[in-house]
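Geometric and topological summary
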Amino acid sequence: DGGITQSPKYLFRKEGQNVTLSCEQNLNHDAMYWYRQDPGQGLRLIYYSQIVNDFQKGDIAEGYSVSREKKESFPLTVTSAQKNPTAFYLCASSLPTGNQPQHFGDGTRLSIL
Amino acid sequence: GQNIDQPTEMTATEGAIVQINCTYQTSGFNGLFWYQQHAGEAPTFLSYNVLDGLEEKGRFSSFLSRSKGYSYLLLKELQMKDSASYLCAVRDLVGGFKTIFGAGTRLFVKA
């Protein structure tokens, strides 16, 4: 079955540490996205990529970095510069045309130790 | 600017009908999506509207009025499993086809 897989499901970060969240999809989608979800707030876009080897900052990119070396993979690194990283992180993918919905992974919940 | 408003919470009774409203302000409207999200899980796609009118899909229907910047999601014959958050999301041409999500409406279905 095609789908989008995020790992790990839960992640703990120590102060000053960088951590990387994995996102893999086998839907053959060109576009991939990373969102952050905090309680009582909508999904906020961190980074997105419309094609391999290209990505753009979203609304809250500071303290995060991404790469898109393969179509299937879009890992997100939460750097030590992100001072409030505790949140639920969702990865999504879609076909590039406007009427196509985004397909989401099951999310990674990141907490600070 | 871009803004999406939805009620924070709603409560309805099993078997009833509930309407969840969404109002939006965008510079370059290019479609509206509704997603369902159970607590701690991934959002799943429910419906898409780009033209005015009603789209029906089983127990779920979605309506759009572009002139009013307004949409609603209608859930019929409510079931307990419909207890979830419902996210309204608007695709905006300005800024590179980004999708802007509302904060979601938490629906509680009671017996």
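Quick note: structure is the one above.
All of these numbers come straight from a predicted model, not from anything done at the bench.

This paragraph deals with the overall build of chain B. On a plain count of helices and strands, chain B comes out with zero helices and 11 strands. Secondary structure elements of chain B occur, N-terminal to C-terminal, as β-β-β-β-β-β-β-β-β-β-β. For chain B, the C-alpha radius of gyration of 14 Å lies close to 13 Å, the compact-globule estimate for 111 residues. Based on the C-alpha atoms only, the size of chain B along its principal axes is roughly 45 × 30 × 20 Å. Here chain B holds 111 residues, and 48% of them are scored as buried. For chain B, the share of sequence-separated contacts (at least 6 apart) that also reach a separation of at least 24 residues comes to 56%.

This brings us to the state of the cysteines. Under the counting rule described, the total for this entry stands at two disulfides over all chains. What pairs with Cys23(A) in a disulfide is Cys91(A), and their sulfur atoms sit 1.9 Å apart. Judged by the sign of its S-S torsion, about -75°, the cystine formed by Cys23(A) and Cys91(A) is left-handed. With Cys23(A) in strand β3 (residues 19-25) and Cys91(A) in strand β9 (residues 87-94), this pair connects stretches of sequence that are 68 residues apart. Judged by relative accessible area, Cys23(A) falls into the buried class, the value being 0%. Residue Cys91(A) is classed as buried on the basis of its relative accessible area, which comes to 0%. Across the disulfide from Cys22(B) sits Cys88(B); the S-S distance is 2.0 Å.

A few words now on the pattern of salt bridges. One pass over the full model with this rule turns up seven salt bridges over all chains. For Arg44(A), the salt bridge identified is with Asp38(A), shortest N-O distance 2.8 Å. Judged by relative accessible area, Arg44(A) falls into the partly exposed class, the value being 30%. The shortest N-O distance in the salt bridge between Lys76(B) and Glu56(B) comes to 3.7 Å. Here Lys76(B), found in the loop between β8 (70-75) and β9 (84-92), pairs with Glu56(B), found in strand β6 (residues 53-57); they are 20 residues apart in sequence, far enough to count as distant. Residue Lys76(B) is classed as partly exposed on the basis of its relative accessible area of 27%. Classification of Glu56(B) by relative accessible area gives exposed; the value is 57%.

All names here are of chain B. Judged by how many residues are buried, strand β7 (residues 60-65) sits mostly within the fold: five of six residues are covered. Across five bridges, β6 lies against β7 in antiparallel orientation. Pairing of Glu56 across the sheet is with Ser61, part of β7. Of the strand pairs in this sheet, β7 and β8 are connected by six bridges, and their pairing is antiparallel. The partner of Ser62 across the bridge, within β8, is Leu73. Between the antiparallel neighbours β7 and β8 lie four residues, among them Gly69 with a positive phi of about 60°.

Each partner contributes residues to the interface: chain A has 23 residues there, and chain B has 19 residues. Summing both sides of the interface, chain A and chain B together bury roughly 1,600 Å²; the carbon and sulfur share of this comes to 53%. Counting across the interface, chain A meets chain B through one salt bridge. Among the salt bridges present, the one from Asp59(A) reaches Lys98(B), with a minimum N-O distance of 3.1 Å.

Here we take up the sheet that holds strand β1 (residues 4-7) of chain A. Residues and elements named next belong to chain A. If you walk across this open sheet you meet the four strands as β1-β3-β8-β7, and the pairing is antiparallel. A strand with exactly one partner marks an edge of an open sheet, and here the two such strands are β1 and β7 (64-66). With strand direction ignored, the average angle separating the axes of adjacent strands in the sheet is 20°. Two elements, β7 and strand β8 (residues 76-78), share three bridges in a ladder whose sense is antiparallel. If you follow Tyr64 over to β8, its bridge partner there is Val78.

Glancing now at unusual backbone geometry. In this structure, the amide linkage connecting Ser7(A) to the following residue, Pro8(A), adopts the cis form with an omega of -5°. For Asn28(A), which is not a glycine, the phi torsion comes out positive at approximately 60°. Here Asn28(A) shows up in the loop between β3 and β4 (31-37). By relative accessible area, which is 54% here, Asn28(A) ends up exposed. Positioned with a positive phi, Glu77(B) is a non-glycine residue whose angle comes to about 45°. With respect to the secondary-structure elements, Glu77(B) resides in the loop between β8 and β9. Judged by relative accessible area, Glu77(B) falls into the exposed class, the value being 56%.

The rules behind each value
Sequence order sets the numbering: in each chain, residues are counted from 1 along the sequence as written. Labels are handed out in written order, letters beginning with A for the chains and numbers beginning with 1 for the ligands. Per-residue local features of the predicted model are confined to residues with pLDDT of at least 70, and side-chain atom pairs are confined, for both listing and counting, to 80 or more; whole-chain, interface and lining totals are unaffected and use all residues. Side-chain numbers here rest on the full set of heavy atoms in the structure, without hydrogens or water. Elements are defined by DSSP. Helices are runs of H or I of four residues or more, strands are runs of E of two residues or more, and each kind is numbered from the N terminus. What the globule rule says is 2.2 Å times the number of residues to the power 0.38, and the radius of gyration is computed from C-alpha atoms. Each residue's exposure class comes from its accessible area (1.4 Å probe, protein chains only) as a fraction of the maximum for that residue type: buried when under 20%, exposed when over 50%, partly exposed otherwise. Residues are treated as being in contact if the distance between any of their heavy atoms lies within 4.5 Å. By disulfide we mean two sulfur atoms from cysteines, separated by a distance within 2.5 Å. By definition here, a salt bridge exists when the distance from a side-chain nitrogen of Lys or Arg to a carboxyl oxygen of Asp or Glu is within 4 Å. In short, DSSP must find at least two bridges between two strands for them to pair. Note on terms: buried area is the combined drop in 1.4 Å-probe accessible area of two parts once they are placed together, counting the loss on both. Only the contacting stretch of a helix is used when fitting its axis, a line to C-alpha atoms as for every element, and angles between N-to-C directions run 0 to 180 degrees.

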